[in-house]
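# Geometric and topological summary
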Amino acid sequence: MKTPLIEPVKADLAETAQQRLDSLTKPKGSLGRLEEFARRIVSIRDEKFPSFPQKKAIFTFAGDHGVVDEGVSLYPREVTAQMVYNFLNGGAGINVLARHAGSDVIVIDIGVDHDFAETPGLVTKKVLRGTGNMRKEPAMEREDAERCIAVGMDLAREYALQGYTLFGTGDMGIGNTTASSAIAAVITNMPVAKVTGRGTGITDEGLAHKIRVIEDAIALNKPDPGDPVDILAKVGGTEIGGIAGLILGAAAQRIPVVVDGFISTAGALIAWSIEPAVRDYMFAAHSSVEIGHKAMLDAMGLRPILDLDLRLGEGTGAALAMILIEAGLKIYLEMATFHEAGVSTEVP
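Just so you know, these numbers come straight off a predicted model, no measurement behind them.

## A look at the overall build of the protein
Scanning the protein from N- to C-terminus turns up 13 helices and six strands. Relative to the globule expectation of 20 Å for 348 residues, the C-alpha radius of gyration of the protein, 20 Å, shows essentially globular dimensions. In terms of overall dimensions, the protein has a C-alpha envelope of 70 × 45 × 40 Å along the principal axes. Every one of the 348 residues in the protein was classed for burial, and the buried ones make up 57%.

Structure, rendered in structure tokens:
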């Protein structure tokens, strides 16, 4: 699979940004991680004074999972399509928080087992009508996994051309915490039980069953830890592949991408495994309640921005984190320097 050229960010631009931050009317480092966010945006955009994002988009990829047939979720697969309609009607958590953050929500049907009528706001990029039951067969063929990644990369290019300069990731898919836990276990080489949580809120008995299902799926399909596309194909999901592609495409366009929670981070882990340089372009939005999330973030060396006990997905954490990232950039662009304000600097 051909992936776009992704260049590491320039360390000298981060140093230049820090020099400006240190010249602002405040003690050095006193705005903590807001300063980090500003430095990173400067480096990612490759501009000393990047423009403030006027157009932002959270991409919520939706897809169904055949492993739901194994009883790993409290909800039936029909809920995926029902929630897509909720997104399109503006009534979901991501709609509310994206409006608060001033971001558009782009809803993508990449693998829902439902035929949607032509609906304003829905981007139809269906690769599959849901994945296979990975406990009995691979989730999808390798070619399908590559197509999912290509969908995400194409969307990144398309929206970059439309003038969007800040992306967020989101997801919808009943059963997708099962697929994400499988991906986490294979790539981090951790036991399934250490990276598998309750998802929709299953019982202790349900959690034990979910762990067995994932262990069986990995044993059956034998995903290659050194081949991220093979992992995605055998135990992943269409929406996870779309997210991976979006991150790869965003990095190629030098657009920062705010990665939401557990499922989005599984997509990020696939993207990072394909091309480690994407790490420079990702912001980890928050620390999910799902226990496997920390292991994935640690593998990539990403530090979450928020810790709010979130586990909804959809891109909700990304919307909230966008606000803080933009706050850091506003400080950098708009705060007066000591010289401009006529304020005395530190005593020598």
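## A few points about the environment of A17
Relative to the helices and strands, A17 is located in helix α1 (residues 11-23). A residue is classified by how much of its surface remains accessible, and A17, at 0% relative accessible area, is buried. If near-sequence neighbours (up to four positions away) are discounted, A17 is found in contact with R39, V42 and Y332.

## Notes on the sheet that holds strand β4 (residues 166-172)
The six strands are arranged β3-β2-β1-β4-β5-β6 in an open sheet whose pairing can be described as parallel. The strands lining the two open edges of the sheet, one partner per strand, are β3 (122-124) and β6 (282-284). Sheet twist, expressed as the average angle between the axes of neighbouring strands with direction ignored, equals 30°. With seven bridges connecting them, strand β1 (residues 56-63) and β4 associate as parallel partners. Among the inter-strand pairings, I58 is bridged to a residue of β4, identified as G168. Here helix α4 (residues 93-101) sits on the sheet in contact with β1 and β2 (104-111), set at roughly 165° to β1.

## Brief notes about the UniProt feature "active site" (unreviewed entry) in the protein
Those residues carrying the UniProt feature "active site" (unreviewed entry) are E314 in this numbering. With respect to the secondary-structure elements, E314 resides in the loop between α11 (293-300) and α12 (316-334). Excluding residues that lie within four positions of it along the chain, E314 makes contacts with I58, T60, M83, F87, A92, G93, I94, G170, D171 and D260.

## Quick look at unusual backbone geometry
A positive phi angle is found at D46, which is not glycine, with a value near 60°. Take D46: its relative accessible area is 31%, and that puts it in the partly exposed class.

## As for the nonpolar core
In terms of nonpolar packing, the biggest core is built from 115 residues, with F59 and F167 touching the most fellow members. When neighbours within four sequence positions are excluded, F59 is seen to be in contact with I106, I108, L155, Y159, F167, G168, T169, G170 and L246.

## Some points on the pairing of β4
A large share of β4 lies buried, amounting to seven of its seven residues. Here β4 shows no split at all, with L166, G168, G170 and M172 on one side and F167, T169 and D171 on the other all buried. With two bridges connecting them, β4 and strand β5 (residues 257-259) associate as parallel partners. Directly across from G168, in β5, lies its bridge partner V258.

## Quick notes on the side chain of D230
Inspection of the secondary structure puts D230 in helix α8 (residues 228-235). When neighbours within four sequence positions are excluded, D230 is seen to be in contact with R142, K222, P223 and D224.

## Notes on the packing of aromatic side chains
Describing an aromatic ring pair means giving the distance of the ring centres and the angle of the ring planes. Inspection of the entire model under this criterion finds six aromatic pairs. Pairing F37 with F283 gives two aromatic rings, centres 6.2 Å apart and planes at 80°, and the pair type is edge-to-face. Of the two residues, F37 is situated in helix α2 (residues 32-45) and F283 in strand β6; the sequence distance between them amounts to 246 residues. Grouping residues by exposure puts F37 and F283 together as buried. Pairing F59 with Y159 gives two aromatic rings, centres 5.1 Å apart and planes at 85°, and the pair type is edge-to-face. Of the two residues, F59 is situated in strand β1 and Y159 in helix α5 (residues 142-161); the sequence distance between them amounts to 100 residues. The class for Y159 is buried, based on a relative accessible area of 9%. Seen from the ring of F283, R40 lies directly overhead, with NZ or CZ sitting 4.3 Å from the centre. A cation sits over an aromatic face here: K330 above F52, 4.6 Å from the ring centre.

## A closer look at the packing of α5 against helix α9 (residues 238-252)
Each pair of packed helices gets described by two things: the angle between the helix axes and the distance between those axes. Running from N to C, α5 and α9 cross one another at 40°; their axes reach a closest spacing of 6 Å. Overall, the two elements α5 and α9 adopt an arrangement that is oblique. For the crossing formed where α5 meets α9, the hand is right-handed. Across from C148, I149, G152, M153, L155 and A156 in α5, the residues of α9 making contact are T238, G241, G242, G245, L246, L248, G249 and A250. Here the residues of the contact of α5 with α9 sort into eight nonpolar, six polar and no charged.

Parameters at a glance
Residues numbered from 1 in each chain as written. Predicted model: local features only at pLDDT ≥ 70, side-chain atom pairs only at ≥ 80, totals over all residues. Heavy atoms only, no water. Helix = DSSP H or I, 4+ residues; strand = E, 2+ residues; numbered from the N terminus. Rg over C-alpha atoms; globule rule 2.2 N^0.38 Å. Buried < 20%, exposed > 50% of the residue type's maximum accessible area, 1.4 Å probe, protein only. Contact = heavy atoms within 4.5 Å. Pairing = 2+ DSSP bridges. Axes fitted to C-alpha atoms, helices over the stretch in contact; angles between N-to-C directions. UniProt positions renumbered as here; feature names shortened; annotations may be inferred. Core = buried A, V, L, I, M, F, W, Y, C linked by side-chain atoms within 4.5 Å. Phe/Tyr/Trp six-rings, centres within 6.5 Å; stacked < 30°, edge-to-face > 60°. Lys NZ or Arg CZ within 6 Å of the ring centre and 35° of its normal. Parallel < 35°, antiparallel > 145°, perpendicular 65-115°, else oblique. Left-handed = near helix turned anticlockwise from the far one by under 90°. Nonpolar A, V, L, I, M, F, W, Y, C, P; charged D, E, K, R; others polar.

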